[in-house]
Amino acid sequence: SLPAKLINGGIAGLIGVTCVFPIDLAKTRLQNQQNGQRMYTSMSDCLIKTIRSEGYFGMYRGAAVNLTLVTPEKAIKLAANDFFRHHLSKDGKKLTLLREMLAGCGAGTCQVIVTTPMEMLKIQLQDAGRIAAQKKLMAAQAQLSPSSAAGAAEPAMETRTTATQITRELLRSKGIAGLYKGLGATLLRDVPFSIVYFPLFANLNKLGQKDPNVKAPFYVSFLSGCVAGSTAAVAVNPCDVIKTRLQSLQRGVNEDTYSGILDCTKKIWQKEGPMAFLKGAYCRALVIAPLFGIAQVVYFIGIAEFLLDMLPKHRD
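What you are looking at is a predicted structure, and each value in this text was computed from that prediction instead of being measured.

## A closer look at the side chain of Thr116
Summarising the element assignment, Thr116 is placed in helix α4 (residues 97-144). With relative accessibility at 0%, the residue Thr116 sits in the buried group. Setting aside its immediate chain neighbours within four residues, Thr116 contacts Leu179, Tyr180, Lys181, Gly182, Leu183, Thr186 and Gln247.

This is the structure:
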């Protein structure tokens, strides 16, 4: 049933995000590093420095936004894919690869309603620590330089903002469109991702089915979700880099600003080279693989069916 699908998708998203959020934070910070002061050399270096400067919970900055909105996002994504697969199938026959891709395209298009504002807010909170640390480092370097004035003032402490404050400011200054900055880039990432992910997952999962009418074992669904998720994540990583840059409202020292997708693509290519489009690719693969592996296991096990079945018994 649709309620069961929505609950399953929501539970899957909550479990997955909690497990992999620190890696997602490292991905955002690595992708946003440009020609200014580079703070991190790798994912592990980013996480170690984050813990040292911001504490353990610094790795979970922006997690509240993600945990709040990932439930409707994952629910829409998984339920929409099932919806389109059902309506594209003919008399219960096996879907062709093209129809599987069309179903994935529909799911990716539907989810951006929630994904875009969620990513927009999450990125601001995730990257705030990097920008603050960069400013402190530049201020310290300026104080140590011979040309700096004696008795220079101490660098100001970071003022932490919340998702609610960012939302209010964006709504006040730009209206609802402020929360949907980077919508085109989000579509450019999520639609191809779903086109690759869902058909690949479905076909890998079928390999573990001994009988077409019996679900594959949970470990097959998990591994299929991991392989399909990491493959699709790496394939669309250039779009994710562009989306992250466009949705970042604050910039570090000597970092470029962008007017749109084409301008962003051109500047990254010219100033940072083609390899810049793969920034954070391994982090994204590490995030997406378990996230979708867990999501598919929860979705296919059907925790929601059990919970919904228990409700009438509880009332009796």
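Having seen the model, we can carry on.
## Some remarks on helix α5 (residues 163-174)
The first and last C-alpha atoms of α5 sit 16 Å apart over 12 residues, in line with the 16 Å expected at 1.5 Å per residue. Those residues of α5 that fall on the buried side of the exposure criterion are Ala163, Ile166, Thr167 and Leu170. Buried residues of α5, seen end-on, are gathered within an arc of 100° and therefore sit on one face of the element. Seen from the buried face of α5, the exposed residues on the opposite side, beyond 90 degrees, are Arg168 and Arg172. Within two residues after α5, Gly175 carries a phi angle of roughly 75°, on the positive side.

## Some points on the pattern of salt bridges
Evaluation of the coordinates by the stated rule reveals 18 salt bridges. For Glu272, the salt bridge is made with Lys279, and the minimal N-O distance between the two is 2.9 Å. The two residues Glu272 and Lys279 agree in class, both being buried.

## Focus on the environment of Met275
Within the secondary structure, Met275 sits in the loop between α10 (261-272) and α11 (281-301). Its relative accessible area of 61% is what places Met275 among the exposed residues. Spatially, the C-alpha atom of Met275 lies 9.3 Å from that of Pro238, the residues being 37 residues apart in sequence.

## Some points on a nonpolar patch on the surface
On the surface, a nonpolar cluster with roughly 440 Å² of combined accessible area is contributed by Phe218, Tyr219, Phe222 and Leu223. Structurally, Tyr219 can be placed in helix α8 (residues 218-235). By relative accessible area, which is 48% here, Tyr219 ends up partly exposed.

## What to know about the state of the cysteines
The full count for this structure, using the stated rule, is zero disulfides. Between Cys105, a free cysteine, and Cys110, which holds the nearest cysteine sulfur, the sulfur-to-sulfur gap is 9.4 Å. In this structure Cys110 comes out as partly exposed when scored by relative accessible area, which is 26%.

## Some details on the packing of helix α9 (residues 237-247) against α10
Where α9 meets α10, the axes come as close as 10 Å, and the angle between the chain directions of the two elements is 110°. The angle between α9 and α10 places the two elements in the roughly perpendicular class. For the pair α9 and α10, the contacting residues are Val241, Ile242, Arg245 and Leu246 in the first and Ile261, Cys264, Thr265, Ile268 and Glu272 in the second.

## Some remarks on the side chain of Thr186
As for its placement among the helices and strands, Thr186 is situated in helix α7 (residues 183-207). With residues up to four places along the chain from it excluded, the contact list for Thr186 reads Val112, Thr115, Thr116, Lys243 and Gln247.

## A look at the confidence of the model for the chain
This prediction gives the chain a mean pLDDT of 82; 86% of its residues lie at or above 70. Counting interchain partners and residues more than four positions distant, the pLDDT-below-50 stretch residues 149-153 has two contacts.

## Quick look at the packing of aromatic side chains
Considering all chains together, one arrives at eight aromatic pairs under this definition. Plain terms: the ring middles of Tyr56 and Tyr60 are 6.0 Å apart, the flat faces sit at 45° to each other, and that makes the pair tilted. By relative accessible area, Tyr56 is classed as partly exposed at 47%. Judged by relative accessible area, which is 24%, Tyr60 ranks as partly exposed. Here the aromatic rings of Tyr197 and Phe198 are separated by 5.0 Å at their centres, their planes lie at 75°, and the arrangement is edge-to-face. By the burial criterion, Tyr197 is buried, and Phe198 matches it. Three or more aromatic residues joined by ring pairs form one cluster here, namely Phe21, Tyr56, Phe57 and Tyr60.

## Considerations on the nonpolar core
Core analysis: the largest hydrophobic core is formed by 40 residues, its most contacted members being Phe193 and Tyr197. Listed by contribution, the elements that provide at least two residues to this core are α1 (2-32), α2 (43-54), α3 (63-88), α4, α5, α7, α8 and α11. Membership of the second largest hydrophobic core comes to nine residues, among which are Val241, Tyr258, Ala276 and Phe277.

Rules and cut-offs
Residues numbered from 1 in each chain as written. Predicted model: local features only at pLDDT ≥ 70, side-chain atom pairs only at ≥ 80, totals over all residues. Heavy atoms only, no water. Helix = DSSP H or I, 4+ residues; strand = E, 2+ residues; numbered from the N terminus. Buried < 20%, exposed > 50% of the residue type's maximum accessible area, 1.4 Å probe, protein only. Contact = heavy atoms within 4.5 Å. Expected span 1.5 Å × (residues − 1). Arc of directions from axis to C-beta. Salt bridge = Lys/Arg side-chain N within 4 Å of Asp/Glu carboxyl O. Patch = residues over 30% accessible without salt bridge, like charges linked within 9 Å, V, L, I, M, F, W, Y side chains within 5 Å. Areas by Shrake-Rupley, 256 points an atom, 1.4 Å probe, with all protein chains shown as cover. Disulfide = S-S within 2.5 Å. Axes fitted to C-alpha atoms, helices over the stretch in contact; angles between N-to-C directions. Parallel < 35°, antiparallel > 145°, perpendicular 65-115°, else oblique. pLDDT = per-residue confidence, 0-100. Phe/Tyr/Trp six-rings, centres within 6.5 Å; stacked < 30°, edge-to-face > 60°. Core = buried A, V, L, I, M, F, W, Y, C linked by side-chain atoms within 4.5 Å.

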